[in-house]
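Breakdown of the fold
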Amino acid sequence: KIFYVCCALLFLSNLANANQSHTLGREMKVQDVEAGTLLLEDGANRLHPAPVLETVVNIRVTGLIARTTVTQYFMNPSSDWIEGIYVFPLPEMSAVDTLKMIIGERTIIGEIEERSEAKKIYEQAKSDGKKASLLEQERPNIFTSSVANIGPNEQVAITIEYQEEL
């Protein structure tokens, strides 16, 4: 049997703050993140969380395997073009197999490459002024995805899919 679990969370207070505020949240480090967070760089190379507009989670359970899809919506509340780092802690025994980002009008679908080649492609796209993303595993349960060239007041939608044994 296949069971579906669906949950949608709307953070209205954050949405209201995103529409009214042109500043970023408190300074954070990647290690401080406990839930899916888009950290945006300020002009002094400090990281601050972007406002979360919405989070949607879908879990499909087949036997002893759970396939989870998480889509989160963020906003760059500043008037600057900035780079961000999406940080997503996952269960230690999970395997990420899909990353999709929508930044403004642009859709980025993740492709698996060797780490050094992936970094090279990302840095080239970033320097060319293209919207790009680079997903890396920092630790067994922490994934980060760099996001280049997020426009002023632009929305970012990030979908990550992973599987884990129950």
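Residues numbered from 1 in each chain as written. Predicted model: local features only at pLDDT ≥ 70, side-chain atom pairs only at ≥ 80, totals over all residues. Heavy atoms only, no water.

Examining the overall build of the chain
- Helix and strand content of the chain: 2 helices and 11 strands.
- Walking the chain from its N terminus toward its C terminus, one meets helices and strands in the order β-α-β-β-β-β-β-β-β-α-β-β-β.
- The burial tally for the chain puts 43% of its 166 residues in the buried class.
- A sequence separation of at least 24 residues applies to 68% of the contacts in the chain between residues at least 6 apart. (Helix = DSSP H or I, 4+ residues; strand = E, 2+ residues; numbered from the N terminus. Buried < 20%, exposed > 50% of the residue type's maximum accessible area, 1.4 Å probe, protein only. Contact = heavy atoms within 4.5 Å.)

Looking at the pattern of salt bridges
- Taken as a whole and judged by the stated rule, the model has 4 salt bridges.
- The residue D42 makes a salt bridge to R46 at a minimum N-O spacing of 2.9 Å.
- The exposure class of R46 is partly exposed, given its relative accessible area of 38%.
- E161 is the salt-bridge partner of R67, the closest N and O atoms lying 2.6 Å from each other. Of this pair, R67 sits in strand β5 (residues 65-75) while E161 sits in strand β11 (residues 155-165), placing them 94 residues apart in sequence.
- Look at R67 and you get partly exposed, because its relative accessible area is 26%. (Salt bridge = Lys/Arg side-chain N within 4 Å of Asp/Glu carboxyl O.)

A closer look at the pairing of strand β10 (residues 142-150)
- Burial within β10 is extensive, with 9 of its 9 residues counted as buried.
- Relative to β10, strand β6 (residues 82-89) runs antiparallel, the two sharing 7 bridges. Across the sheet, residue I82 finds its bridge partner in β10, namely I150. (Pairing = 2+ DSSP bridges.)

What to know about the confidence of the model for the chain
- Put simply, the chain has an average pLDDT of 81, and 83% of its residues get 70 or more.
- Counting contacts from residues 1-22, a segment whose pLDDT is below 50, to residues more than four positions away or on other chains yields 39 contacts. (pLDDT = per-residue confidence, 0-100.)

Some thoughts on the side chain of T69
- Looking at the secondary structure, you find T69 in strand β5.
- Take T69: its relative accessible area is 19%, and that puts it in the buried class.
- Residues in contact with T69, not counting those within four places in the same chain, are V56, V57, N58, T159, I160 and E161.

What to know about the environment of T107
- Along the chain, T107 falls in strand β8 (residues 106-109).
- Overall, the relative accessible area of 38% leaves T107 in the partly exposed class.
- Here the alpha-carbon distance between T107 and A157, two residues 50 residues apart in the chain, equals 9.2 Å.
- Leave out the neighbours within four places in its chain, and T107 touches K100, M101 and I102.

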